[in-house]
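If you want the building blocks of each chain, they are given just below.
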Amino acid sequence: MFKSFFPHPKWFFFSLLIFSGCASGLWYSFNQQIAELVGLNIADEQPVIGLGHFVTDSFLLFYAYYALCTAIFALFWFSVAKHRWQYWSILGSSAIIFSTYFSVQVSVAINHWRRPFFDLIQSLLKSTDKEAVEKLVSDEKVASATSELLDLMLIFAEIAFLAIFIFVATRFLVSHYIFRWRNAMSDYYTVEWAQLRKIEGASQRVQEDTMVFARIMEGLGVALIDSVMTLFAFLPVLWSLSEYVSELPVVGAIAHPLFYAALFWSIFGTGLLALVGIKLPGLEFKNQKVEAAFRKELVYGEDDELRADPVSLVELFSQVRRNYFRLYFHYMYFNVARMLYLQADNMFVLILLIPTIAVGAITFGVLQQILSAFNQVSNSFQYLVNSWTTIVELLSVYKRLSSFEAQIEDKAGSSSDITAIIK
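Fair warning: this is a prediction, and the values are worked out from it, not measured in the lab.

Caption draft 1: Molecular detail of the overall build of the protein. Counting its secondary structure elements, the protein contains 13 helices and zero strands. Relative to its 423 residues, the protein shows a buried fraction of 39%. Long-range pairs, those at least 24 residues apart, make up 81% of the contacts in the protein between residues at least 6 apart in sequence. As displayed, the protein offers around 23,900 Å² of accessible surface, 66% of which is attributable to carbon and sulfur atoms.

Rendered as structure tokens:
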């Protein structure tokens with residue numbers, strides 16, 4: 001699954017983890033010093049409303065820094081371990097990570113836009129009596145307010161069109177990237193087909209499982225990268241917005257309460273759902289086995305009239321039914337826990353903000369920013385919660401392909417041993 005597409009997967013991903021950690025540490029520790037070296041000023045930058053958010057000095061510096069880090073890492077692996085798919089597996093992965101990060105920054109730009117827009121809405125709606133309306137008209141403020149609203153809506157439209165472009169481009173790139181990965185797996189298994197054809201279910205592993213693996217990774221992999229990038233982008237936003245909230249219900253006054261509340265709530269939900277759904281991967285794996293046994297008997301019955309007799313088929317299908325019923329039962333209580341948590345999540349942040357809203361400590365615009373940022377962080381941590389059923393399916397495919405590849409390696413090892421004995 002991985003060696004077909006990535007050069008020396010274990011060392012590749014280990015080096016990627018180390019290199020990414022060092023590059024991130026260098027960036028967050030010395031980005032201001034790096035900016036000064038190239039003549040940029042990123043100290044105390046204020047949020048920019050609109051497309052200007054993406055061309056500030058800090059963003060321009062990050063673009064250059066990311067490109068440099070990608071070039072260094074890619075050139076190292078290009079020289080150490082050349083691989084047929086290296087441009088897609090290394091440069092393609094970097095491009096997907098960057099485009100996902102950029103799409104997350106679009107959400108940050110919209111979050112910055114929320115404050116002035118909803119603060120303006122609040123200021124226009126707070127006076128509703130007839131005298132105030134007449135005064136507003138007489139002072140000719142209607143035209144000014146209308147113009148300001150339209151300007152902010154135009155800014156939102158610009159950001160939205162950019163978001164559409166980035167989304168479409170990212171999905172197009174990911175689709176091609178994942179198909180290349182499937183192509184690499186198919187080529188890898190095809191080379192070994194003389195041995196693989198003797199393994200039960202080999203055709204299904206090579207065609208169907210590689211297809212399912214690619215399909216799941218296309219959605220699940222991007223969702224994982226998006227969740228990680230959202231955390232990097234919105235945790236600082238939530239940290240700064242916490243200054244507007246002085247205390248939480250029950251807990252009382254703590255520093256940066258929204259930041260810590262989001263972490264606690266999201267980790268709690270992830271742990272809860274992982275515990276509740278712990279039996280599902282094994283049942284999905286077994287489900288594939290009983291389905292394969294039933295299908296295999298039917299296939300044999302097409303050519304051999306002694307196979308696929310009613311008694312055998314009834315027995316095999318009873319195993320399919322038994323496993324499905326167990327699966328339905330475990331998914332039932334898993335879905336109960338999942339939906340209870342997600343419904344509670346809709347009200348959690350509002351409950352946290354009750355003391356702050358009650359004393360009128362924040363404006364409507366700040367409230368919208370807090371709700372948006374909190375939900376972004378919370379949803380990122382809830383990646384496992386929202387994707388659990390898909391993850392279960394992926395784990396099942398991974399188990400099947402791993403056992404399949406283990407048989408390849410066993411046969412290769414056996415051949416090597418025989419060759420050594422002969423010599």
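Caption draft 2: Spatial organisation of the confidence of the model for the protein. The predicted model of the protein averages 81 in pLDDT, with 88% of residues at 70 or higher. When mean pLDDT is taken per element in the protein, helix α2 (residues 57–80) scores highest with 93 and helix α4 (residues 130–138) scores lowest with 53. Low pLDDT, under 50, characterises residues 413–423; the stretch is placed with zero contacts to residues that sit more than four places away or in other chains.

Caption draft 3: Region of the structure containing the packing of aromatic side chains. All told, the structure shown has 50 aromatic pairs when counted by the stated rule. Pairing Phe76 with Trp77 gives two aromatic rings, centres 5.7 Å apart and planes at 85 degrees, and the pair type is edge-to-face.

Caption draft 4: Structural detail: helix α8 (residues 257–276). Counted at 1.5 Å a residue, the expected span for α8 with its 20 residues is 28 Å, and the 28 Å between its end C-alpha atoms agrees. Within α8, burial applies to Pro257, Leu258, Phe259, Ala261, Ala262, Leu263, Trp265, Ser266, Gly269, Thr270, Leu273 and Val276.

Caption draft 5: Representation of the pattern of salt bridges. Scanning all chains against the criterion turns up one salt bridge. In this structure, Asp187 engages Arg84 in a salt bridge whose closest nitrogen and oxygen atoms are separated by 2.8 Å. With Asp187 in helix α5 (residues 141–191) and Arg84 in the loop between α2 and α3 (86–125), the pair connects residues that are 103 residues apart, well separated along the chain. Classification of Asp187 as partly exposed rests on a relative accessible area of 26%.

Caption draft 6: Structural view of the side chain of Ser227. Relative to the assigned elements, Ser227 resides in helix α7 (residues 202–241). Aside from chain neighbours lying at most four places away, what touches Ser227 is Ser380 and Tyr383.

Caption draft 7: Fine view of the packing of helix α10 (residues 310–352) against helix α12 (residues 364–381). Following both chains from N to C, one finds α10 and α12 inclined at 135 degrees, their axes separated by 11 Å at the closest point. Between α10 and α12, the crossing angle belongs to the class labelled oblique. The chirality of how α10 crosses α12 is right-handed. For the pair α10 and α12, the contacting residues are Asp345, Phe348, Val349, Leu350 and Leu352 in the first and Leu371, Phe374, Ser378 and Asn379 in the second. Residue composition of the contact of α10 with α12, by class: six nonpolar, two polar and one charged.

Caption draft 8: Structural view of a negative patch on the surface. On the surface, Glu302, Asp303, Asp304 and Glu305 cluster together to form a negatively charged patch. Structurally, the position occupied by Glu305 is in the loop between α9 (280–303) and α10. Residue Glu305 is classed as exposed on the basis of its relative accessible area of 76%.

Caption draft 9: Representation of the packing of α3 against α12 within the structure. For the pair α3 and α12, the least separation of the axes is 6 Å and the interaxial angle reads 155 degrees. Between α3 and α12, the crossing angle belongs to the class labelled roughly antiparallel. In terms of crossing hand, the pair formed by α3 and α12 is right-handed. Contact residues: α3 offers Ser107, Asn111, His112, Arg114, Arg115, Phe118, Asp119 and Gln122, while α12 offers Phe364, Gly365, Val366, Gln368, Gln369, Ser372, Ala373 and Gln376. Its residues assigned to classes, the contact of α3 with α12 shows four nonpolar, nine polar and three charged.

Caption draft 10: The nonpolar core, seen in detail. The biggest cluster of nonpolar side chains holds 52 residues, and the ones touching the most others in it are Phe234, Leu238, Leu353, Ile370, Phe374 and Val377. Secondary structure elements with two or more residues in this core: α1 (9–37), α2, α3, α7, α8, α9, α10 and α12. The element best represented in this core is α10, accounting for nine residues. Contact partners of Phe234, with chain neighbours within four places excluded, come to Val104, Ser107, Val108, Asn111, Ala373, Gln376 and Val377. In terms of nonpolar packing, the next biggest core, distinct from the first, is built from 33 residues, Phe5, Ala74, Phe78 and Ile96 among them.

Caption draft 11: Representation of the side chain of Thr170. Turning to its location among the elements, Thr170 is positioned in helix α5. In this view, Thr170 contacts Ser99 and Thr100; residues no more than four positions away in its chain are not counted.

Caption draft 12: Structural context of the environment of Glu45. Among the secondary structure elements, Glu45 is positioned in the loop between α1 and α2. Given a relative accessible area of 32%, Glu45 falls into the partly exposed group. Here the alpha-carbon distance between Glu45 and Ser58, two residues 13 residues apart in the chain, equals 8.2 Å. Among residues more than four places away in sequence, those in contact with Glu45 are Thr56, Asp57 and Ser58.

What counts, and at which threshold
- Going along each chain's sequence as written, the residues are numbered from 1 onward.
- Confidence filtering applies because this is a predicted model: local features only for residues at pLDDT of at least 70, side-chain atom pairs given and counted only at 80 or more, and all residues used for totals across whole chains, interfaces and linings.
- Side-chain figures throughout are based on the complete set of non-hydrogen atoms in the structure, without hydrogens or water.
- Secondary structure elements follow DSSP: runs of H or I of four or more residues count as helices, runs of E of two or more count as strands, with numbering from the N terminus.
- The cut-offs for exposure are 20% and 50% of the maximum accessible area for each residue type, with area from a 1.4 Å probe on protein chains only; residues under the lower value are buried, those over the upper are exposed, and the others partly exposed.
- Residue contacts are defined here by distance: any two heavy atoms, one from each residue, within 4.5 Å place the two residues in contact.
- In this description, accessible areas are obtained by the Shrake-Rupley approach with a 1.4 Å probe, and a residue is regarded as covered only by the protein chains that are shown.
- For every residue, the predictor reports its confidence as pLDDT, a number between 0 and 100.
- Classification of ring pairs uses Phe, Tyr and Trp, with its six-membered ring standing for Trp, and accepts pairs whose centres are within 6.5 Å; under 30 degrees between planes counts as stacked, over 60 as edge-to-face, and the remaining range as tilted.
- Here the expected span of a helix is defined as 1.5 Å times the quantity of residues minus one.
- Any Lys or Arg side-chain nitrogen found within 4 Å of a carboxyl oxygen on Asp or Glu counts as a salt bridge.
- Note on geometry: axes are C-alpha line fits, over the in-contact stretch for helices, and angles between N-to-C directions span 0 to 180 degrees.
- Any angle from 65 to 115 degrees is called roughly perpendicular, while one under 35 is roughly parallel, one over 145 is roughly antiparallel, and all others are oblique.
- Helix crossings get a hand from a simple test, with the near helix turned counterclockwise from the far one by less than a right angle marking a left-handed crossing and a clockwise turn marking a right-handed one.
- Polar here means any residue other than Ala, Val, Leu, Ile, Met, Phe, Trp, Tyr, Cys and Pro, which are nonpolar, and Asp, Glu, Lys and Arg, which are charged; Gly is therefore polar.
- Residues with no salt bridge and a relative accessible area higher than 30% make up the patches, which join like charges within 9 Å and nonpolar side chains (Val, Leu, Ile, Met, Phe, Trp, Tyr) within 5 Å.
- His is not counted here, nor are the chain ends, while Lys and Arg score as positive and Asp and Glu score as negative.
- Just so you know, the charge point we use is NZ for Lys, CZ for Arg, CG for Asp and CD for Glu.
- For our purposes a nonpolar core is just a set of buried Ala, Val, Leu, Ile, Met, Phe, Trp, Tyr and Cys residues, chained together by side-chain atoms within 4.5 Å.

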